[in-house]
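# Commentary on secondary and tertiary structure
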Amino acid sequence: MSNLPDFLVIGAARAGTTALYSYLSQHPQVFMPKTKEPNFFAFEGETLACEGPGADFINNSVTRIADYHALFAAAPPGTIRGEASPLYLYAPEAPARIRKRLPQARMIAILRNPVEQAFSHFLYATKERIEPEPDFTAALMLEEERLAAGWQPLFGYSRFPRYAEQLGRFFALFPREQFLIRSYEEFQADPATVLSDIFTFIGADPGFAPDMSRKPNAGGVPKNTLFQDFLMKPNPVTKAIGYVVPKERRLRIRDRLAQLNLKRDDTMPDKARAILQQRLEGDIRQLETLLGRDFSAWLA
């Protein structure tokens, strides 16, 4: 259909996809819907009843094709349409659904060291005040129990970043030339070059230079948990503000205040690192074979 996307950012979560969405949105030849992460191909046609903290993220996903079409209704003629939903890489049904609706779509994946990705997911959930367990090692041991109880996929910290398994599902259905895959480390070290590659890949002017001064969506541990709860959880004050301040501006203010209330804590417990390396080493080795790249640094 003419108003469906030409390309998808399929992942990975906590690998710069929010920043990439922002940079793509700035390109004059590209249209990205205001709704980031509609998750349509992860849950198309499903009745969603996710449980646990932060379940609304899943339950508010777009599941009807008419609603998905509507996301792109405002795209100017001739623009290159895209969207970013990192759940597509994770969701087992997403590749087949994408193939049915968008067989020619170009797909972009930024892959982060899965051990670091898992810890970053924990810090993000801590910042958002949806992770009730303050100890990352303990949270890793709760994965199976939480997922069995219907909690959202984020809480499967060591399940989420199994890139070889996930890309294998895509590669079984699509030719490799429909994918552009870069590492998070490459994106961090030289974002201008990676963006130029992405713009070229989707057919946009590779010379466009977006404003990259803002670094969105960082995680961390709150300095004051009560203040973070006030910012992140529904309450009468923030509800009242919502009536007079536009949502986009309100979320920018909220996120700015939340960032100021964070203390950066990037030190993963040694025990947690050992658990993650043991759980993920097999998939990392398979990824090396799948992509023909050396990822041994991810296990250092």
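Quick look at the structure, then. (Residues numbered from 1 in each chain as written. Predicted model: local features only at pLDDT ≥ 70, side-chain atom pairs only at ≥ 80, totals over all residues. Heavy atoms only, no water.)

### Looking at the packing of aromatic side chains
For the coordinates displayed, the defined rule picks out 22 aromatic pairs. Between phenylalanine 119 and phenylalanine 136, the aromatic rings sit 5.1 Å apart at their centres with planes inclined by 50°, giving tilted as the arrangement. Remark: phenylalanine 136 occurs in helix H8 (residues 136-141) and phenylalanine 119 occurs in helix H7 (residues 114-127); sequence separation between them is 17 residues. Each member of the pair, phenylalanine 119 as well as phenylalanine 136, is classed as buried. With a centroid separation of 6.0 Å and an interplanar angle of 80°, the aromatic rings of phenylalanine 170 and phenylalanine 179 are classed as edge-to-face. (Phe/Tyr/Trp six-rings, centres within 6.5 Å; stacked < 30°, edge-to-face > 60°. Helix = DSSP H or I, 4+ residues; strand = E, 2+ residues; numbered from the N terminus. Buried < 20%, exposed > 50% of the residue type's maximum accessible area, 1.4 Å probe, protein only.)

### Overview of the packing of H7 against helix H16 (residues 270-291)
It is the contact of H7 with H16, at a shortest axis distance of 9 Å, that shows an interaxial angle of 130°. By the criterion of interaxial angle, the relationship of H7 to H16 is oblique. The crossing of H7 and H16 is right-handed. Here Pro114, Val115, Glu116 and Ala118 of H7 come into contact with H16, specifically with Arg273, Leu276, Gln277, Leu280 and Ile284. Grouping the constituent residues of the contact of H7 with H16 by class yields six nonpolar, one polar and two charged. (Axes fitted to C-alpha atoms, helices over the stretch in contact; angles between N-to-C directions. Parallel < 35°, antiparallel > 145°, perpendicular 65-115°, else oblique. Left-handed = near helix turned anticlockwise from the far one by under 90°. Contact = heavy atoms within 4.5 Å. Nonpolar A, V, L, I, M, F, W, Y, C, P; charged D, E, K, R; others polar.)

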